[in-house]
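Structural characterization, general
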Amino acid sequence: MMLVWFIRHFPSEAYTAIGEIQRQAHSTWGVPAADTLRVLRRELSLDSGKLTDQQRATYFALLEPHRNTD
């Protein structure tokens, strides 16, 4: 999958691209950012294993939408 390659070689740019995917999915179809992220994470877990489970978990933890605690 191209996304795995992108994450492995250009993690900062991939972070930005995934954020844009989340924004577009939300603005176009009303899909919550967390749902988009969950689908992307699931697709990466089905990939041939270019990322370890720990790498995938760490990377996607950084992408989780932040909730206000106020």
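About the cut-offs
- Every chain begins its residue count from 1, and numbering advances along the sequence as written.
- Where local features are concerned, this predicted model is filtered to residues with pLDDT of at least 70; where side-chain atom pairs are given and counted, the filter is 80 or more; whole-chain, interface and lining totals use all residues.
- Hydrogen atoms and water are omitted, and side-chain values are computed over all heavy atoms in the structure.
- Each axis is a line fitted through C-alpha atoms, and for a helix only the stretch in contact is used; angles between axes span 0 to 180 degrees, taken between their N-to-C directions.
- Elements are defined by DSSP. Helices are runs of H or I of four residues or more, strands are runs of E of two residues or more, and each kind is numbered from the N terminus.
- For this classification, under 35 degrees means roughly parallel, over 145 means roughly antiparallel, 65 to 115 means roughly perpendicular, and everything else is oblique.
- For this analysis, residues touch if any pair of their heavy atoms sits within 4.5 Å.
- To sort residues, take the accessible area from a 1.4 Å probe on protein chains only and compare it with the maximum for the residue type: under 20% means buried, over 50% means exposed, and anything in between is partly exposed.
- By this rule, a helix spans an expected 1.5 Å times one less than how many residues it contains.
- By definition, the arc is the one covered by directions from the helix axis to the C-beta atoms.

Some thoughts on the packing of helix H1 (residues 2–9) against helix H2 (residues 11–29)
Packing of H1 against H2 leaves a shortest axis separation of 5 Å and a crossing angle of 130°. Considered as vectors, H1 and H2 are oriented oblique to each other. Where H1 approaches H2, its residues Leu 3, Phe 6, Ile 7, Arg 8 and His 9 are matched on the opposing element by Pro 11, Glu 13, Ala 14, Ala 17 and Ile 18.

Quick look at the environment of Glu 20
Topologically, Glu 20 is positioned in helix H2. With a relative accessible area of 34%, Glu 20 lands in the partly exposed category. Through-space distance from the C-alpha of Glu 20 to that of Ala 33 is 10.0 Å; in sequence the pair is 13 residues apart.

Focus on the side chain of Thr 36
Relative to the elements of secondary structure, Thr 36 occurs in helix H3 (residues 33–45). For Thr 36, a relative accessible area of 10% gives the class buried. Excluding its chain neighbours within four sequence positions, the residues that come into contact with Thr 36 are Ile 21, Gln 22, Ala 25 and Val 31.

Quick look at H2
The end-to-end C-alpha distance of H2 is 26 Å, a good match for the 27 Å that 19 residues give at a rise of 1.5 Å each. Three or more residues of H2 are buried, namely Ala 14, Ile 18, Gly 19, Gln 22 and Ala 25. Down the axis of H2, the smallest arc covering the buried residues is 140°, so these residues share one side. Those residues of H2 that are exposed and aimed more than 90 degrees away from the buried face are Ser 12, Thr 16 and Ser 27. The inward-facing, buried residues of H2 contact H1, H3 and helix H4 (53–63). Looking one or two residues beyond H2, the residue adopting positive phi is Gly 30, at roughly 75°.

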